[in-house]
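Observations on the model geometry
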Amino acid sequence: MNSSENQRSRKTLACTAEATAFQKRFGQDLRRRVIDEGEPFAIVQADTPHEIFHAMDIPIITNQWWSAYISAKQLSSRYFDAMVEAGYPANSCKYCSLGLACTLANEPETAPWGGLPTPTVLVARLTCDCIQQVFGQWSQALGSEFFPIEAPAWEDKDPDWFAHSKSDWERVYQPDRIAQMVREMRDLISLLENRTGRKFEEARLHHLMEQINVQEGFIWEAAQAIGAARPCPVSIAEQMPNTMIPQWHRGSDWAVAHARKFRDEVLERIAEGKGAASNEKLRLMWIGAGVWHDPGFYQSMEESLGAVFVWSMYMPFAGPAYIRDIKGKPMEALASRVASMNETLHLPPWMNGWMTAEAARCGIDAAVMLLPPDNRLSQSGTKLTAIALEAAGVPVLMIDADMVDAKIWDHDRMVAMVSGFLAERGLA
Ligand code: SF4
């Protein structure tokens, strides 16, 4: 599998260690609340309205975080084997189903937290053909229930959605899609109130939405500074935890304060002319989810080739995907945030429109695109996005690999593939 050990990432910012320490404490606290004290909790997809749960103080486990957590512990192969032994096809998609695989393997001795207890509800948007199967069967295996949220078609094909999403969200995300999502969020709130006894207050959500605008504003400011700076002060290996850990806690006092701290450290490094690499020559774009089983991969060509991964979707997404003029309508503004999260990241024309604009904004020299062999949705807009980037003068390398399944990942082979591609294109 690996000709050399998958590698940890190097930390240059003080706030990165603080973020991972906070998430570790959060994990321990969540474990105490849901395992030891039996508090109600929910398992949710990343593209669902987390703000509703935060506003009701109901703990959530985000499926993509749990999947990355299991993968980072190098446990994915074991659980995917258990899924095949249970009769599932070996080419089942991976990212969303690793949590289900862990539950089906039923190995408390190896599973993080000894495995998850029964949640109050599992929530996912029906963004692909597989998700209702994954969440439906997982809720059965856990003895809970699945609350599906529709993913209605998006007829307003504005490739420049990102330039209009903050103030013109009613038009960009379509009033009927927003109304549909608000109806479903109100149904979800009723279910949560009935099952947990917790009360939903719209004023609390409104405040949270304002706090989230502040938080994402700091992250977007840092993203714009990184795009313009030469050399790049912070590689994606550190951009991702400093963006996503606050994202899981968005709007909380800790998340807002951490986003500000991160922004400040980035601006400080830029002012001091500090780079992620000692001799930056190439600015790379990573397209796709993070490779959670080998976070050190992104930094592995910094010293050898001066090749720095400057861009991944997580940090710049904070601006156009999250910031909203609330206009006295927090539920509708939230619905517009959630209603197209996956579509803008994975489907044309929104994916290629945004990523081509981002490549220009950040002065990208080449892009590396993750093609998870068995994932339907994350495959969708990749080829058209690669064509759009190449047409814009950005060479693209597509690699068959998975964000959580380490079985098909070989660190040295991947580094050699990227280096070879850069040489072939006359960039290294
Ligand atoms: S295809 Fe992708 S998005 Fe759909 S359930 Fe599988 S991993 Fe998740």
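What counts, and where the lines are drawn
- Residues numbered from 1 in each chain as written.
- Predicted model: local features only at pLDDT ≥ 70, side-chain atom pairs only at ≥ 80, totals over all residues.
- Heavy atoms only, no water.
- Helix = DSSP H or I, 4+ residues; strand = E, 2+ residues; numbered from the N terminus.
- Rg over C-alpha atoms; globule rule 2.2 N^0.38 Å.
- Buried < 20%, exposed > 50% of the residue type's maximum accessible area, 1.4 Å probe, protein only.
- Areas by Shrake-Rupley, 256 points an atom, 1.4 Å probe, with all protein chains shown as cover.
- Lys, Arg positive; Asp, Glu negative; His and termini not counted.
- Charge placed at Lys NZ, Arg CZ, Asp CG, Glu CD.
- Pairing = 2+ DSSP bridges.
- Polar contact = N/O pair within 3.5 Å; in protein donor to acceptor, adjacent residues only side chain to side chain.
- Right-handed = clockwise from strand over helix to strand, strands pointing away.
- Core = buried A, V, L, I, M, F, W, Y, C linked by side-chain atoms within 4.5 Å.
- Axes fitted to C-alpha atoms, helices over the stretch in contact; angles between N-to-C directions.
- Contact = heavy atoms within 4.5 Å.
- Salt bridge = Lys/Arg side-chain N within 4 Å of Asp/Glu carboxyl O.
- Phe/Tyr/Trp six-rings, centres within 6.5 Å; stacked < 30°, edge-to-face > 60°.
- Lys NZ or Arg CZ within 6 Å of the ring centre and 35° of its normal.

Our next topic: the overall build of the chain. Of regular secondary structure, the chain possesses 19 helices and 8 strands. Taken over the C-alpha trace, the chain has a radius of gyration of 21 Å; the compact-globule value for 428 residues is 22 Å, and the two agree within 12%. Projected onto the principal axes, the alpha-carbon positions of the chain cover approximately 60 × 50 × 40 Å. Counting only residues that meet the buried cut, the chain has 59% of its 428 residues in that class. Carbon and sulfur atoms form 52% of the exposed surface of the chain, whose accessible area is close to 15,900 Å². Between the averaged position of the 41 positive side-chain charges in the chain and that of its 54 negative side-chain charges there is a distance of 2 Å.

On to the pairing of strand S7 (residues 366-371). For a regular strand, side-chain orientation follows a simple rule: the groups alternate between the two sheet faces. Where burial is concerned, most of S7 is hidden: 6 out of the 6 residues are buried. Burial of S7 is two-sided: the residues Ala 366, Val 368 and Leu 370 facing one way and the residues Ala 367, Met 369 and Leu 371 facing the other way are all buried. Looking at chain direction, strand S5 (residues 282-287) and S7 are connected through 4 bridges and run parallel. Looking across to S7, one finds that Ile 287 is bridged to Met 369. Summarising the sheet, S7 and strand S8 (residues 396-400) pair through 5 bridges and their orientation is parallel. Looking at S8, one finds that Met 369 is bridged to Met 398.

Along the chain, Asn 63 falls in helix H3 (residues 63-72). For Asn 63, a relative accessible area of 0% puts it in the buried group. Within the structure, the side chain of Asn 63 is placed 2.9 Å from the backbone oxygen of Cys 96, a separation counted as a polar contact.

Our focus in this paragraph is the pairing of strand S4 (residues 146-149). Pairing of strand S3 (residues 121-125) with S4 involves 4 bridges; the strand directions are parallel. By the bridge assignment for S4, Arg 125 is matched with Ile 149. This β-α-β element, S3 to helix H6 (residues 131-142) to S4, shows right-handed connectivity.

Attention now moves to the nonpolar core. Grouped together as the largest cluster of nonpolar side chains are 142 residues, with contacts concentrated most on Trp 286 and Phe 297. For this core, the leading source of residues is helix H10 (residues 202-228), giving 9 residues.

Take the sheet that holds strand S1 (residues 42-44) next. Reading across the sheet, the 4 strands line up as S2-S1-S3-S4 and stay open at both edges, with parallel pairing between neighbours. The open sheet terminates on both sides in strands that have one partner only, identified here as strand S2 (60-62) and S4. Across the sheet, the mean angle separating the axes of adjacent strands is 20° when strand polarity is ignored. Where helix H9 (residues 175-196) meets the sheet, it contacts S3 and S4, and its direction lies at approximately 165° from that of S4.

Right, let's get into the pattern of salt bridges. A side chain with one charge may pair with a side chain of the opposite charge, provided their charged atoms come close. Applying the stated rule across the entire model yields 29 salt bridges. Residue Arg 10 is joined to Glu 302 by a salt bridge in which the shortest nitrogen-to-oxygen separation is 2.6 Å. Taken together, the positions of Arg 10 in the segment before helix H1 (14-36) and Glu 302 in helix H13 (residues 302-305) put the pair 292 residues apart, joining distant regions of the chain. Residues Asp 156 and Arg 171 are paired through a salt bridge, measuring 3.5 Å at the closest nitrogen-oxygen approach. Of this pair, Asp 156 sits in the loop between S4 and helix H7 (161-164) while Arg 171 sits in helix H8 (residues 169-172), and the two are 15 residues apart along the sequence. Judged by relative accessible area, Arg 171 falls into the partly exposed class, the value being 33%. Residues joined in a network through salt bridges with shared partners are Arg 33, Glu 39, Asp 57 and Arg 198.

All right, on to the packing of aromatic side chains then. Taken as a whole, this structure holds 25 aromatic pairs when the rule is applied. A ring pair is formed by Phe 135 and Trp 138, whose centres lie 5.8 Å apart and whose planes are at 85°; its orientation type is edge-to-face. Here the residue Phe 135 and the residue Trp 138 both occupy positions in helix H6, the gap between them amounting to 3 residues, near one helical turn. Assessed through its relative accessible area of 0%, Trp 138 is described here as buried. Measuring from ring centre to ring centre gives 5.9 Å for Trp 161 and Trp 354, while their planes differ by 55°; the resulting arrangement is tilted. Residue Trp 161 is found in helix H7, and its partner Trp 354 is found in helix H17 (residues 350-361); the two are separated by 193 residues along the sequence. For the pair Trp 161 and Trp 354, a shared accessibility class is recorded, and that class is buried. Here the aromatic cluster, defined as three or more aromatic residues joined through ring pairs, consists of Trp 161, Phe 162, Trp 311, Phe 317, Tyr 322 and Trp 354. Above the ring of Tyr 69, the side-chain terminus of Lys 73 is found at 4.9 Å from the ring centroid. Positioned above the aromatic ring of Phe 80, the side-chain terminus of Lys 94 is 5.5 Å from the ring centre.

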